[in-house]
Amino acid sequence: MQVKDRGIGIPQEKQAAIFSHRYRVRGLKQDGYGIGLSVVSHVCDLCRGFVYLESEEKRGSAFYLSFPSIG
């Protein structure tokens, strides 16, 4: 599965941290708890899958989720 946007993108130096619990790209400058992507990563781990990010500043981000086949 792929989720893609054409937003502001995520700086390269911050991409490794965005799946950490309570991490926010802009710190306290926005609403939210900073748990969304950490939950996505945790669910992928529990299901023996993975989540991968490709992002370029000013061009957007793409998140790829992969899960093993059942059956």
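Just so we're clear, the structure is a prediction, and the values are computed from it rather than from any experiment.

Asks: In this structure, what is going on with the packing of aromatic side chains? I would like to understand it.
Replies: Geometrically, a pair of aromatic rings is defined through the distance of the ring centres and the angle of the planes. Per the stated rule, a full pass over the model turns up two aromatic pairs. When the ring of Phe19 is compared with that of Phe63, the centres are 6.3 Å apart and the planes differ by 85°; the resulting orientation is edge-to-face. Here Phe63 lies in strand β3 (residues 60-66) and Phe19 lies in the loop between β1 (2-4) and α1 (36-46), a separation of 44 residues in the sequence. When the centroid spacing of 6.3 Å and the interplanar angle of 35° are considered together, the rings of Tyr52 and Tyr64 count as tilted.

Asks: Explanation requested: the pattern of salt bridges in the structure shown.
Replies: Close approach of charged atoms lets side chains of opposite charge pair. All chains considered together, the criterion is met by one salt bridge. A salt bridge links Arg59 to Glu56, with the shortest nitrogen-to-oxygen separation between them at 3.7 Å. Classification of Arg59 by relative accessible area gives exposed; the value is 59%. Given the relative accessible area of 46%, Glu56 is considered partly exposed.

Asks: Got a minute to help me understand the pairing of strand β2 (residues 50-56) in this structure?
Replies: Two faces make up the sheet, and in a regular strand the side chains alternate between them. Residue alternation in β2 divides its side chains into a buried set, Val51, Leu53 and Ser55, and an unburied set, Phe50, Tyr52, Glu54 and Glu56. With seven bridges joining them, β2 and β3 adopt antiparallel strand pairing. Following the sheet pairing, Val51 is matched in β3 by Leu65. The turn linking β2 back onto β3 is made up of three residues, and Lys58 within it adopts a positive phi angle of 70°.

Definitions and cut-offs
- Numbering of residues begins from 1 in every chain and follows the order in which that chain's sequence is written.
- Totals for whole chains, interfaces and linings use all residues, but because this is a predicted model, local features are given only for residues with pLDDT of at least 70 and pairs of side-chain atoms are given and counted only at 80 or more.
- With hydrogens and water excluded, all non-hydrogen atoms of the structure serve as input to the side-chain values.
- When the centres of two rings from Phe, Tyr and Trp lie within 6.5 Å, Trp using its six-membered ring, the rings pair. Their planes under 30 degrees apart give stacked, over 60 give edge-to-face, and anything left gives tilted.
- Starting at the N terminus, helices and strands are each numbered in turn, a helix being any DSSP run of H or I of at least four residues and a strand any DSSP run of E of at least two.
- Salt bridge, as used here, is a side-chain nitrogen of Lys or Arg placed within 4 Å of a carboxyl oxygen of Asp or Glu.
- For every residue, the accessible area obtained with a 1.4 Å probe (protein chains only) is divided by the maximum for its type, and the residue is called buried under 20%, exposed over 50%, and partly exposed between those limits.
- Following DSSP output, two strands are said to pair if at least two bridges run between them.

By themselves, these observations are geometric and do not establish any function.
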